[in-house]
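Survey of secondary and tertiary structure
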Amino acid sequence: MIKVEDWAEIRRLHRAEGMPIKAIVRRLGIARNTVRRALASDAPPKYRRAPAGSVVDPFEPQIRALLTQWPTMPAPVIAERIGWPHSMSPLKKRLTLIRPEYTGIDPVDRVTYEPGQIAQCDLWFPDTPVPVAVGQRRVLPVLVMTLGFSRFMTARMIPTRQGGDILSGMWWSISGIGRVTKTLVWDREAAIGGTGRVSIAAAAFAGTLATQIKLAPPRDPEYKGMVERANGFLETSFLPGRLFSSPADFNRQLQEWLVKANARTVRAIAGRPVDLLETDYLAMTPLPPVRPQVGLRHRIRLGRDYHVRLDTVDYSVDPRAIGRFVDVAASPETVTVTCEGGVVARHDRSWAKRGLVTDPAHAAAAAQMRQALAEDRRRRQAAVRSHADGHTVELRALPDYDALFGVDFTNPNEKVSSQQ
């Protein structure tokens, strides 16, 4: 095989200077057939090593037999079935090449969105646990929303993945922008559309905002690829090297970072999301005057312990509401309890997994009620006479004795019948 320099010189001598092949052979000392091949080739010579084979080659028939029946069989299972004695790397590389022959290839089209058309939503679970109480750290969900046209991104940590908390996070993002897109795309998140249909709470939320929630097909992450890439961007660019003292501190740092993230240039749109946001905004639907119902809500009859439970945390209530129905409403920040239209408790919401939140005023009121009840019992007990052996004696009213003996002290001249 000749060098690239010799190949170039052969072509120059023959084409530029008109030198015949015999003269080129004598001048460069290269075989005649080699000169002819160099003149016939329009591309420079490349060294190609003969394939040496792979350790997977003897096992490929067995692999193909398994893939014929089970095209999606995982690599570790295949390795176990064929008795694979080597590392997994060469086996996985071969599976990457031959598996599409059995599973097929599902190409994805590039999609462009009009302004105000769509926003993609998802939950991101950062690997870093966040302190939520003394001795408690939790991995909490972050609701991420990306606008389709401008690629403008919003994100906020929420307490749980329950429907009310997810809707609270969505409302925070939408109200922060000031308008809503015509479509909100979600995957099959349990609280939004886990059954394949949009949940009642999510449908009511979308109806209030005059938008729609569209569910992605199952096992199709590319359907909402923009927000999936946003999750990866958060994972690799925001999270590393950061420490958080609380969920509030996490959200504070996140909002500061998002200002910079939305000012970066995005190759897909050849611009910055913050610059294209106004175009997106003007094409969106204005928000209605009525705020959608978000947060966690339930009704319960208040028990003697004057506490209500919300997401495994117990919150105290004014004990004067014991025995009556109370309505509990929780946002990510506060927990409010009402009874017959009046507020009987208000607390900062705890994001801990378990806990007890008691208002000192509620505890003091309960102590006063217990003391008043004890005094009333003592007063009742003191009004009851008893014999020497300890059993109580019933106290009768004096008019009963007057009627028994036929005496009327009100009208002394009249005699009361003993049968009265």
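Residues numbered from 1 in each chain as written. Predicted model: local features only at pLDDT ≥ 70, side-chain atom pairs only at ≥ 80, totals over all residues. Heavy atoms only, no water.

Things to note about the overall build of the protein
Across its full length, the protein carries 15 helices and 18 strands. For a compact globule of 420 residues, the expected C-alpha radius of gyration is about 22 Å, and the protein comes in at 40 Å, more than 25% above that figure. In terms of overall dimensions, the protein has C-alpha extents of about 165 × 60 × 40 Å along its principal axes. Of all 420 residues assigned to the protein, the portion counted as buried reaches 38%. At a minimum sequence separation of 6, the contacts of the protein that also span at least 24 residues come to 60%. Of the accessible surface of the protein, which amounts to about 25,700 Å², a share of 53% is contributed by carbon and sulfur atoms. The distance from the centre of the 59 positive side-chain charges to the centre of the 43 negative ones in the protein is 11 Å. (Helix = DSSP H or I, 4+ residues; strand = E, 2+ residues; numbered from the N terminus. Rg over C-alpha atoms; globule rule 2.2 N^0.38 Å. Buried < 20%, exposed > 50% of the residue type's maximum accessible area, 1.4 Å probe, protein only. Contact = heavy atoms within 4.5 Å. Areas by Shrake-Rupley, 256 points an atom, 1.4 Å probe, with all protein chains shown as cover. Lys, Arg positive; Asp, Glu negative; His and termini not counted. Charge placed at Lys NZ, Arg CZ, Asp CG, Glu CD.)

Remarks on the packing of aromatic side chains
The description of an aromatic ring pair uses the distance of the two centres, along with the angle that the planes make with each other. The final tally for this structure, using the stated rule, is six aromatic pairs. Seen in terms of ring centroids, Phe59 and Trp84 are 5.1 Å apart; in terms of plane orientation they differ by 70 degrees. Their pairing is edge-to-face. Linking Phe59 in the loop between helix H3 (32–40) and helix H4 (60–69) with Trp84 in the loop between helix H5 (75–82) and helix H6 (88–98), this pair joins segments that are 25 residues apart in sequence. Of the residues examined, Phe59 reaches a relative accessible area of 15% and is grouped as buried. Accessibility expressed as a relative area gives 10% for Trp84, which makes it buried. Counting every residue linked through ring pairs, the aromatic cluster contains Phe233, Phe238, Phe244, Phe250 and Trp257. Here the basic side chain of Arg81 rests over the ring of Trp70, its NZ or CZ set 5.8 Å away from the ring centre. Note that Arg179 overlies the ring of Tyr281, its terminal NZ or CZ placed 4.8 Å from the centroid. (Phe/Tyr/Trp six-rings, centres within 6.5 Å; stacked < 30°, edge-to-face > 60°. Lys NZ or Arg CZ within 6 Å of the ring centre and 35° of its normal.)

Let's talk about the packing of H4 against H5
Here H4 crosses H5 at 125 degrees, and the two axes come no closer than 10 Å. As summarised for this structure, H4 and H5 are arranged oblique, according to the angle between their axes. In this structure, the crossing between H4 and H5 has a hand that is right-handed. Residues Gln62, Ile63, Leu66 and Leu67 of H4 form the contact with H5, whose own contacting residues are Ile78, Arg81 and Ile82. Partitioning the contact of H4 with H5 into residue classes produces five nonpolar, one polar and one charged. (Axes fitted to C-alpha atoms, helices over the stretch in contact; angles between N-to-C directions. Parallel < 35°, antiparallel > 145°, perpendicular 65-115°, else oblique. Left-handed = near helix turned anticlockwise from the far one by under 90°. Nonpolar A, V, L, I, M, F, W, Y, C, P; charged D, E, K, R; others polar.)

A look at the pattern of salt bridges
A side chain with one charge can pair with a side chain of the opposite charge if their charged atoms come near. Throughout the structure, instances matching the rule amount to 22 salt bridges. Glu256 serves as the salt-bridge partner of Arg252, at 3.3 Å between the closest nitrogen and oxygen. With Arg252 and Glu256 both in helix H12 (residues 247–261) and four residues apart, the pair spans about one turn of that helix. Relative accessible area serves as the criterion here: at 44%, Arg252 is assigned to the partly exposed category. We note a salt bridge from Arg324 to Glu340, for which the minimum N-O separation is 3.6 Å. Placement of the pair is Arg324 in the loop between strand S12 (313–316) and strand S13 (325–330) and Glu340 in the loop between strand S14 (334–339) and strand S15 (342–348), with a sequence separation of 16 residues. Note on Arg324: relative accessible area 35%, which makes it partly exposed. (Salt bridge = Lys/Arg side-chain N within 4 Å of Asp/Glu carboxyl O.)

Focus on the packing of helix H2 (residues 21–28) against H3
Viewed as axis vectors pointing N to C, H2 and H3 meet at an angle of 115 degrees, and their least axial separation amounts to 9 Å. Comparing the axis directions of H2 and H3 gives the class roughly perpendicular. Crossing geometry of H2 relative to H3 is assigned as right-handed. For the pair formed by H2 and H3, the contact residues are Ile21, Lys22, Ile24 and Val25 on the first element and Arg32, Val35, Arg36 and Leu39 on the second. Each residue belonging to the contact of H2 with H3 can be placed in one class, and the counts come to five nonpolar, no polar and three charged.

Section: a positive patch on the surface
Together, Lys22, Arg26, Arg32 and Arg36 line one region of the surface with positive charge. Looking at the positive patch, the elements that each hand over two or more residues are H2 and H3. Among the structural elements, Arg32 can be located in helix H3. Given the relative accessible area of 42%, Arg32 is considered partly exposed. (Patch = residues over 30% accessible without salt bridge, like charges linked within 9 Å, V, L, I, M, F, W, Y side chains within 5 Å.)

Digging into the environment of Arg12
The topology assignment puts Arg12 in helix H1 (residues 4–16). You can call Arg12 partly exposed: its relative accessible area is 34%. The spacing of Arg12 and Leu39 is 27 residues in sequence and 9.6 Å in space, taken between C-alpha atoms.

Observations regarding the sheet that holds strand S8 (residues 212–215)
On the basis of which strands lie adjacent, the open sheet formed by five strands has the order S5-S4-S1-S7-S8 and mixed pairing. Because the sheet does not close on itself, it has two edges, and the strands there are strand S5 (153–157) and S8. With strand direction ignored, the average angle separating the axes of adjacent strands in the sheet is 25 degrees. Across the sheet, helix H11 (residues 225–238) lies against strand S1 (118–124), strand S4 (142–147) and S5, angled at about 45 degrees from S1, the strand it touches most. (Pairing = 2+ DSSP bridges.)

Regarding the side chain of Ser168
Secondary-structure assignment places Ser168 in helix H8 (residues 163–177). Taking relative accessible area as the criterion, Ser168 reaches 8% and is therefore assigned buried. In contact with Ser168, not counting residues within four places along its chain, are Val294, Gly295 and Pro332.

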